[in-house]
Amino acid sequence: RLLAGALLLALTTPSLPAVHVRERGACSARAPAAQPLARVSMAETVGGRPHTEESRAKISAANKGKVPWNSGIPHPPETIALIRERTVEAMRARTELREQWLRENPEEDARLSAEAVEKKERRQGGQRELR
């Protein structure tokens, strides 16, 4: 309950960043590797019934070898179009968040740009030696 309350507080606090940008500049909604998140089951976050490890093992064993009801059924063209549309929107939103973060942190932008140039030079230097 405490973790769910903290999660709710974090989601409603506007001053907290929505996306964490890693050292190499990739956007991610996950926490950095140095600060692993505690594993929270859907039951705890949504308010459903939590299962013990023993009951989870029983459920898993009971479902082994079963074929899902929707296995092999292709998506209709409307669904494929919707997935494509939502994916483009999500990618655009991530790009906008990253660009906003870089505008707010110009020193990080400069550092990441310098690292990219160094990496490119190292790659090209190695290729020249091979020739």
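**Details of the overall build of the chain**
Within the chain, the secondary structure is distributed over 5 helices and 2 strands. Going residue by residue from the N terminus, the α and β elements of the chain occur as α-β-β-α-α-α-α. Counting only residues that meet the buried cut, the chain has 7% of its 131 residues in that class. In the chain, of all internal contacts separated by at least 6 residues, the share reaching a separation of at least 24 is 39%.

**Section: the pattern of salt bridges**
Side chains carrying opposite charge are able to pair once their charged atoms draw close together. If you walk through the whole model with that rule in mind, you get 3 salt bridges. Across the salt bridge formed by K58 and E54, the nearest N and O atoms sit 3.8 Å from each other. Of this pair, K58 and E54 both sit in helix α3 (residues 53-63), 4 residues apart, which is roughly one turn of the helix. Here K58 and E54 have matching classes, each one exposed. Notably, a salt bridge pairs E115 with R111, separated by 2.6 Å at the nearest N-O pair. You can see E115 and its partner R111 sitting in helix α5 (residues 106-130), 4 residues apart, about one turn around the helix. Taking relative accessible area as the criterion, E115 reaches 36% and is therefore assigned partly exposed. Salt bridges sharing common partners tie together E108, R111 and E115.

**A word on the confidence of the model for the chain**
When pLDDT is averaged along the chain, the result is 76; 60% of the residues meet or exceed 70. For the chain, the element scoring lowest by mean pLDDT is strand β1 (residues 20-21), at 41; helix α4 (residues 77-104) scores highest, at 95. Contacts of residues 13-32 to residues separated by more than four positions or lying in other chains number 24 contacts, the stretch itself having pLDDT below 50.

Procedures and definitions
- Residues numbered from 1 in each chain as written.
- Predicted model: local features only at pLDDT ≥ 70, side-chain atom pairs only at ≥ 80, totals over all residues.
- Heavy atoms only, no water.
- Helix = DSSP H or I, 4+ residues; strand = E, 2+ residues; numbered from the N terminus.
- Buried < 20%, exposed > 50% of the residue type's maximum accessible area, 1.4 Å probe, protein only.
- Contact = heavy atoms within 4.5 Å.
- Salt bridge = Lys/Arg side-chain N within 4 Å of Asp/Glu carboxyl O.
- pLDDT = per-residue confidence, 0-100.

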